[in-house]
Amino acid sequence: MTDYAQHYEKLYTIRSFETLLLDEFASGIFPGTTHTSLGQEANAVGVLAQAREQDVVVSNHRCHAHFLAYGGDPTALYAELMGKPGGVCGGVGGSQHLQWRNFYSNGIQGGTLAMAAGMAFAEKKASRDAIVFDFMGDGTLGEGIVYECLNLISLWSLPILIVLENNHIAQTTPADQAVAGSMTARFEAFGIPATHLDTCDVVEVQEAAGDLTRKVRRESRPQALVIETARLGTHSKGDDPRDPRDVELLWDLRDPVERIGRLLQDRERVLIQRKVDERIRAAFETALAMEGQPT
Ligand SMILES: Cc1ncc(C[n+]2csc(CCOP(=O)(O)OP(=O)(O)O)c2C)c(N)n1
Ligand SMILES: [Mg+2]
């Protein structure tokens, strides 16, 4: 399998998982709400290709892509979303609160950076050879705790790669109405070097994350990566004030799955799609058949 085909399979696995989740949501099998990663798959796959076993990953409310790219099991994630005891966290965490191995997600915006800082501090203090990956959104720059954390992360030289996924919207609020000035400058003001990337190409993300990850490991100090990305779906289940024509344009221009898929032969792409769709459907059915009452 070529590198492109491997990338495609990883991206398409997330896409297939999220698409089936949305399709099945209407049946009422999933309690609560959920935020899908449609459009942001390349950030998860590209960045977490750099994660080693001992590293820690801290994610936010939009965590499915991060969890699956980390190596999380789709069956356990569906079961978690169904509130089943066989889920990632026994069904009590739901869509936003996952913990498996060194992966942690939390729905409290900005609180996740405090978690990441604390864990990076612990790793550094114990002289363990681990770094922390933290994912956050543009809207989370409005949380005061982020700046307290950036201050300490810089002062204590904590080994964190902060990945800011700028999808230009926070629920229904456009970033240009909520975030003043430059996003990279906000990190730089605290002495944290920030790299800016405007792409939906998984290879570009992986390369940039590779450079930054090496620096974080070698120097044991923080780096930030601001990625211009696109939310191709609604915020959670139906909230999206954007003009549908604008969203359609994003699908045409900023779809990471389509972008890498174009590099494959039609036959190979379709075979991967079929294999993955079957695997994801089987994961869903297995979760559905699991014993135990939803929590
Ligand atoms: C402290 C806090 N306030 C409000 C919310 C409700 N909420 C969940 S996601 C979200 C928007 C987040 O926007 P952004 O950080 O840009 O991430 P995105 O959803 O675009 O991935 C809001 C307001 C929350 N989860 N936590
Ligand atoms: Mg956002």
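Quick look at the structure, then. (Residues numbered from 1 in each chain as written. Chains lettered and ligands numbered in written order. Predicted model: local features only at pLDDT ≥ 70, side-chain atom pairs only at ≥ 80, totals over all residues. Heavy atoms only, no water.)

### Examining the coordination of the magnesium ion (ligand 2)
Within the first shell, the magnesium ion (ligand 2) binds the protein through D138 (OD), N167 (OD1) and I169 (O), at distances of 2.1 to 2.3 Å. Summarised as a motif, the one-chain spacing of the donors to the magnesium ion (ligand 2) is D-x28-N-x1-I. Of this pair, D138 sits in the loop between strand 4 (132-137) and helix 6 (144-155) while N167 sits in the loop between strand 5 (160-166) and strand 6 (169-170), and the two are 29 residues apart along the sequence. Residue D138 shares its accessibility class with N167, and that shared class is buried. (Donors = N, O, S within 2.8 Å, 3.2 Å for Na, K, Ca; no water. Helix = DSSP H or I, 4+ residues; strand = E, 2+ residues; numbered from the N terminus. Buried < 20%, exposed > 50% of the residue type's maximum accessible area, 1.4 Å probe, protein only.)

### What about the site of ligand 1?
Taken together, 15 residues sit near ligand 1, with H61, R62, G107, G139 and T140 positioned nearest. The side chain of T140 places a nitrogen or oxygen atom 2.7 Å from an oxygen atom of ligand 1. One of the side-chain nitrogen or oxygen atoms of N167 is found 2.8 Å away from an oxygen atom of ligand 1. Taking 580 Å² as the accessible area of ligand 1 by itself, protein coverage stands at 75%. The class makeup of the residues in the shell around ligand 1 is three nonpolar, nine polar and three charged. (Near = heavy atom within 4 Å. Polar contact = N/O pair within 3.5 Å; in protein donor to acceptor, adjacent residues only side chain to side chain. Areas by Shrake-Rupley, 256 points an atom, 1.4 Å probe, with all protein chains shown as cover. Nonpolar A, V, L, I, M, F, W, Y, C, P; charged D, E, K, R; others polar.)

### Focus on the pairing of strand 8 (residues 194-198)
Pairing of strand 8 with strand 9 (residues 223-228) involves five bridges; the strand directions are parallel. From the neighbouring strand, T195 faces strand 9, where its bridge partner is L225. Regarding the hand of the β-α-β motif, the stretch spanning strand 8, helix 8 (residues 202-219) and strand 9 is right-handed. (Pairing = 2+ DSSP bridges. Right-handed = clockwise from strand over helix to strand, strands pointing away.)

### Examining the packing of helix 1 (residues 3-25) against helix 8
Where helix 1 contacts helix 8, the axes come no closer than 11 Å and their chain directions differ by 95 degrees. It follows from the interaxial angle that helix 1 and helix 8 lie roughly perpendicular. Each of Y4, H7 and L11 in helix 1 lies in contact with helix 8, whose residues at this interface are V202, V203 and Q206. The residue inventory of the contact of helix 1 with helix 8, partitioned by class, reads four nonpolar, two polar and no charged. (Axes fitted to C-alpha atoms, helices over the stretch in contact; angles between N-to-C directions. Parallel < 35°, antiparallel > 145°, perpendicular 65-115°, else oblique. Contact = heavy atoms within 4.5 Å.)

### Focus on the packing of aromatic side chains
Throughout the structure, instances matching the rule amount to 12 aromatic pairs. Measuring from centroid to centroid gives 3.9 Å for F17 and Y78, while their planes differ by 15 degrees, and the two rings are stacked. Highlighted residues: F17 in helix 1 and Y78 in helix 4 (residues 74-81), separated in sequence by 61 residues. In this pair, the class of F17 matches that of Y78, namely buried. Considering the side-chain rings of F30 and Y78, the 6.4 Å spacing of their centres and the 35 degrees angle between planes classify their relative orientation as tilted. Within this pair, whereas F30 is found in the loop between helix 1 and helix 2 (41-48), its partner Y78 is found in helix 4, the two being separated by 48 residues in sequence. Per residue, the accessibility class of F30 equals that of Y78, and both read buried. (Phe/Tyr/Trp six-rings, centres within 6.5 Å; stacked < 30°, edge-to-face > 60°.)

### Describing the sheet that holds strand 3 (residues 103-105)
Here we have seven strands laid out as an open sheet, ordered 2-3-1-4-5-9-8, and mixed in their pairing. Each edge of the open sheet is held by one strand with a lone partner, namely strand 2 (99-100) and strand 8. Strands strand 1 (56-59), strand 4, strand 5 and strand 9 of the sheet are contacted by helix 2, whose axis makes an angle of about 165 degrees with strand 4.

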